[in-house]
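Below, each chain spelled out in residue letters.
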Amino acid sequence: MVEDDPTAGRTPRDVLLEGLLGRLREFVAAPLTPGSHVVRGLLPPTEMDRGARVVLWDGRDLGTSYALEVPLLDGDGGEIPHDQVIGALRVCIAQRQVLGPPFLDDGFALPVFDARCHFLRTVDAPPLTLADAVYLPLLSLGPASGAAPVSDDVEEDAEADGDGDGDGAEWRLLGFMLVDERYARYYVRWTETGEVWGLDFCMRDEAGKVDSRGGTADMIFPALASSHDLGRFRRPVSDIRCQAVYDLTAWC
C-alpha cells in the first residue's frame, strides 16, 4: 500500500541521494582513503549541476577541500550499488590528475572535478578493502538499534494466521568481529526465540580477493532461517557470546 512505501512523497533523485548519504556518512570521521581524505559534505545537485558533489578534505585543513562531481545512476539508468560507489570514489581520488582542470562550485567556491565519466568507467570493478567487506553485512543486516523483518511474506503469513500484530520473525544486530583475514562473525538475536546466533560470512574469495557478497546477507540469512534450513550450516564451535554459530561463508 502507498502508506507503507518508504519512498512515498520523495523524488527518485532524493531517494538516491539519501541512500548515498547513508553510505558516505561513515567517512565523515573515518578516512575514505588510507591516511587521508574524509568526507566534508555531500552536495545535492542543483538544476545546473550534472551530478551530486562529494566534498573531500584531509580532516585538518579546510584549504585542502575539493569536490568530485559524480553520477547517481549508471550508464543504463540503474542505481549504483553503494559499495561500488565507495570503490569508484577511491579510484577517482587516486587518479584525480586525469580528470581535467577543476571549476568552482557557485555555492561554496570549492574546486570541483568532473569525475562522472571516469567514475562510470571504474564503477563495475572498483577495488574494495577488507574494511569494506566487514562493513557491508553491517549495512545489510541493519542498525543495532532496530529490528529488521525477515520478509514481507512472513508478515503476511502472520496476519493470515490471525496474529494481528504483523510483526513476524525478526532479528536484531548486536555486534560483530573480524575473526581473521578470511571471515567475520556477526551476532544477531533471533527475536522469535530470543537466541543469539553467530553468523560467519566470507571476507575474501578463494583467490584471496576481497569479497562483496556480504552485501546480500539480508537476503541469504533470513531465507535460510525462515525455511528452517539454517541448521544444516551449524558449526561445531563454541562461542560464549551466542547459542550457535552458523557458517554462511559459502553464501556470503
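Here the structure is shown first, and the text comes after it.
Residues numbered from 1 in each chain as written. Predicted model: local features only at pLDDT ≥ 70, side-chain atom pairs only at ≥ 80, totals over all residues. Heavy atoms only, no water.

Caption draft 1: Fine view of the environment of tryptophan 171. Looking at the secondary structure, you find tryptophan 171 in strand 7 (residues 170-178). Residue classification places tryptophan 171 among the buried positions, given a relative accessible area of 2%. Within the local environment of tryptophan 171, its side chain forms a polar contact with the backbone oxygen of leucine 141, the two atoms lying 3.0 Å apart. (Helix = DSSP H or I, 4+ residues; strand = E, 2+ residues; numbered from the N terminus. Buried < 20%, exposed > 50% of the residue type's maximum accessible area, 1.4 Å probe, protein only. Polar contact = N/O pair within 3.5 Å; in protein donor to acceptor, adjacent residues only side chain to side chain.)

Caption draft 2: Representation of the sheet that holds strand 3 (residues 66-70). Taking strand neighbours across the sheet as the criterion, the five strands line up as 1-2-3-5-4 in an open arrangement whose pairing is mixed. On the outer flanks of this sheet lie strand 1 (38-43) and strand 4 (103-104), each paired with one strand and no other. Pairing analysis gives three bridges linking strand 3 to strand 5 (residues 111-114), with the strands arranged parallel. The residue of strand 5 that forms the bridge with glutamate 69 is aspartate 114. Docked against the sheet, helix 1 (residues 12-24) engages strand 1 and strand 2 (52-57), running at close to 170° with respect to strand 1. Across the sheet, helix 2 (residues 82-94) touches strand 2 and strand 3, and the angle it forms with strand 3 is around 130°. (Pairing = 2+ DSSP bridges. Contact = heavy atoms within 4.5 Å. Axes fitted to C-alpha atoms, helices over the stretch in contact; angles between N-to-C directions.)

Caption draft 3: Fine view of the pattern of salt bridges. Following the criterion strictly, the structure yields 14 salt bridges and no others. For glutamate 181, the salt bridge is made with arginine 204, and the minimal N-O distance between the two is 2.8 Å. Of this pair, glutamate 181 sits in the loop between strand 7 and strand 8 (183-190) while arginine 204 sits in the loop between strand 9 (195-202) and helix 6 (217-226), placing them 23 residues apart in sequence. We classify glutamate 181 as partly exposed; its relative accessible area is 46%. Since its relative accessible area comes to 19%, arginine 204 is described here as buried. Note that arginine 235 is salt-bridged to aspartate 200, the shortest N-O span being 2.6 Å. Residue arginine 235 is found in the loop between helix 6 and strand 10 (244-247), and its partner aspartate 200 is found in strand 9; the two are separated by 35 residues along the sequence. What makes aspartate 200 buried here is its relative accessible area of 0%. Bridged by salt links that share partners, the residues Arg50, Arg53, Glu69, Asp105, Asp114 and Arg116 form one connected network. (Salt bridge = Lys/Arg side-chain N within 4 Å of Asp/Glu carboxyl O.)

Caption draft 4: Helix 2, seen in detail. For helix 2, spanning 13 residues, the distance from its first C-alpha to its last is 19 Å, which sits close to the expected 18 Å at 1.5 Å a residue. Within helix 2, 11 of the 13 residues are buried, which leaves the element mostly enclosed by the surrounding structure. Residues of helix 2 that are buried: His82, Asp83, Val85, Ile86, Gly87, Ala88, Leu89, Arg90, Val91, Cys92 and Ile93. Residues of helix 2 that are buried make contact with helix 1, strand 2, strand 3, helix 3 (116-122) and helix 4 (130-141). (Expected span 1.5 Å × (residues − 1).)

Caption draft 5: Region of the structure containing the packing of helix 1 against helix 2. Relative to each other, helix 1 and helix 2 sit at 65°, their axes nearing to 10 Å. The two elements helix 1 and helix 2 meet at a crossing, and its hand is right-handed. Here Gly19, Leu20, Arg23 and Leu24 of helix 1 lie close against helix 2, whose contacting residues are His82, Asp83, Val85, Ile86 and Leu89. Its residues placed into classes, the contact of helix 1 with helix 2 shows five nonpolar, two polar and two charged. (Left-handed = near helix turned anticlockwise from the far one by under 90°. Nonpolar A, V, L, I, M, F, W, Y, C, P; charged D, E, K, R; others polar.)

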